[in-house]
Amino acid sequence: AGTAATCMPFAPEMLERRMEKVDKGAVRLQIDNSIDGLRAYLSAVNIRNKCKHPLFLVLRFDSCVGLLYDSSRAADPASLADDAAFDKMMSVLTASQDR
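Residues numbered from 1 in each chain as written. Predicted model: local features only at pLDDT ≥ 70, side-chain atom pairs only at ≥ 80, totals over all residues. Heavy atoms only, no water.

*Asks:* Just to check I follow, could you spell out the overall build of the protein for this structure?
*Replies:* Check the secondary structure of the protein and you find 4 helices and 2 strands. Mapped in sequence order, the helices and strands of the protein form the string α-β-β-α-α-α. Relative to its 99 residues, the protein shows a buried fraction of 26%. Put simply, of all contacts in the protein between residues at least 6 apart along the chain, 49% involve residues at least 24 apart. Taken as a whole, the protein presents about 7,200 Å² of accessible surface, with 55% of it coming from carbon and sulfur. (Helix = DSSP H or I, 4+ residues; strand = E, 2+ residues; numbered from the N terminus. Buried < 20%, exposed > 50% of the residue type's maximum accessible area, 1.4 Å probe, protein only. Contact = heavy atoms within 4.5 Å. Areas by Shrake-Rupley, 256 points an atom, 1.4 Å probe, with all protein chains shown as cover.)

*Asks:* Would you take a moment to explain the nonpolar core for this structure?
*Replies:* Note that soluble globular proteins tend to have their nonpolar side chains buried in a common cluster. Grouped together as the largest cluster of nonpolar side chains are 17 residues, with contacts concentrated most on Ile-31, Tyr-41 and Phe-56. Secondary structure elements with two or more residues in this core: helix H2 (35–43), helix H3 (54–60) and helix H4 (83–98). When sequence neighbours within four positions are dropped, the list of residues in contact with Ile-31 reads Met-19, Glu-20, Lys-21, Gly-37, Ala-40, Tyr-41, Ile-47, Arg-60 and Phe-61. (Core = buried A, V, L, I, M, F, W, Y, C linked by side-chain atoms within 4.5 Å.)

If you want it as structure tokens, here you go:
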């Protein structure tokens, strides 16, 4: 179980969690999968411990955030046939976040 925890840079339920930005005037803004939703998520004072992991942002806000990689140096991390490529991408992203 210890190995699985080290490969999880964020809780998977965060991808589906309903989030809102609450302004000082108690105005609630639904955070959706758009550039405005991303802006609201990153600037929401009421959301503590925001996850800024690249993979989280790519999956949660896929309409406006993409993941670029050098295909000449790495296999396609989205390939379902290649678990090693996905594992390598996760370890590189996790290591870069720890810096």
